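Residue strings, one per chain:
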Amino acid sequence: MADINSVAKQFTDFYYQTFDADRKGLAALYRDMSMMTWEGVQVTGAVGIVDKLVSLPFQRIQHKVTTIDAQPSLPGTETMIICVTGQLLIDEETQPQQFTQMFQLVNDNGFFVYNDIFRLNYA
């Protein structure tokens, strides 16, 4: 497997830049077998996941990644787990919200998101 930290950094840079610019552009990262839990709401499949992301009740968002941690997953396969923490600003907010997001990526002629879990961190 390529350097796991490089892959994790490239993935997260692409993911959040695309999320902030046009959430529909994330469709290529998911497959029909992909699963996402967004603030406790579970969604499956690429279409369902993108529909959920597009329906979120804000117009503008800006992510600022604070940490990225990655580990290989499932010995003998090209899979990895990525944990991201950071801040986000929604619409006209001036106080950033803290978030954590976990991804499991699977290599199938290029990495795709098999699992995606997102939570806001409330103090």
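Above this text sits the structure in question.
Values in this document were obtained by computation on a predicted structure and should not be read as measured data.

About the thresholds
- Residues numbered from 1 in each chain as written.
- Predicted model: local features only at pLDDT ≥ 70, side-chain atom pairs only at ≥ 80, totals over all residues.
- Heavy atoms only, no water.
- Core = buried A, V, L, I, M, F, W, Y, C linked by side-chain atoms within 4.5 Å.
- Buried < 20%, exposed > 50% of the residue type's maximum accessible area, 1.4 Å probe, protein only.
- Helix = DSSP H or I, 4+ residues; strand = E, 2+ residues; numbered from the N terminus.
- Contact = heavy atoms within 4.5 Å.
- Phe/Tyr/Trp six-rings, centres within 6.5 Å; stacked < 30°, edge-to-face > 60°.
- Expected span 1.5 Å × (residues − 1).
- Arc of directions from axis to C-beta.
- Patch = residues over 30% accessible without salt bridge, like charges linked within 9 Å, V, L, I, M, F, W, Y side chains within 5 Å.
- Areas by Shrake-Rupley, 256 points an atom, 1.4 Å probe, with all protein chains shown as cover.
- Salt bridge = Lys/Arg side-chain N within 4 Å of Asp/Glu carboxyl O.

Caption draft 1: Structural view of the nonpolar core. Residues Phe-11, Tyr-15, Phe-19, Tyr-30, Leu-53, Ile-82 and Phe-103 are the most contacted members of the largest nonpolar core, which totals 31 residues. Elements that contribute at least two residues to this core include exactly helix H1 (4–21), strand S1 (30–38), helix H2 (46–54), strand S3 (61–73), strand S4 (79–90), strand S5 (97–107) and strand S6 (111–121). Once you skip the residues sitting within four places of it in the chain, Tyr-30 turns out to touch Tyr-15, Ala-46, Ile-49, Leu-53, Val-113 and Asp-116.

Caption draft 2: How the structure looks around the environment of Gln-59. Within the element layout of this structure, Gln-59 appears in the loop between H2 and S3. Look at Gln-59 and you get exposed, because its relative accessible area is 72%. The sequence separation of Gln-59 and Lys-24 amounts to 35 residues, and the corresponding C-alpha distance is 13 Å. Not counting residues within four places of it along the chain, the set of residues in contact with Gln-59 comprises Arg-23 and Asp-91.

Caption draft 3: Highlighting the packing of aromatic side chains. Taken as a whole and assessed by the stated rule, the structure comprises nine aromatic pairs. On the basis of an interplanar angle of 85° and a centroid distance of 5.0 Å, the ring pair of Tyr-15 and Tyr-16 is categorised as edge-to-face. Both residues of the pair, Tyr-15 and Tyr-16, belong to the buried class. When the ring of Tyr-15 is compared with that of Phe-103, the centres are 4.9 Å apart and the planes differ by 65°; the resulting orientation is edge-to-face.

Caption draft 4: Broad picture of H1. With 18 residues, H1 should cover 26 Å at 1.5 Å per step; its first-to-last C-alpha distance of 26 Å lies within 8% of that length. All of the buried residues in H1 are Ile-4, Val-7, Ala-8, Phe-11, Thr-12, Tyr-15, Tyr-16, Thr-18 and Phe-19. Within H1, the buried residues cover an arc of 160° as seen down the axis, which keeps them to one side. Along H1, exposed side chains directed more than 90 degrees from the buried face belong to Gln-10, Gln-17 and Ala-21. Taken together, the buried residues of H1 touch S1, H2, S3, S4, S5 and S6.

Caption draft 5: Structural detail: a nonpolar patch on the surface. Taken together, Ile-81, Met-102 and Ile-117 make up a surface patch of nonpolar side chains, about 220 Å² in accessible area. Summarising the element assignment, Met-102 is placed in strand S5. For Met-102, a relative accessible area of 31% puts it in the partly exposed group.

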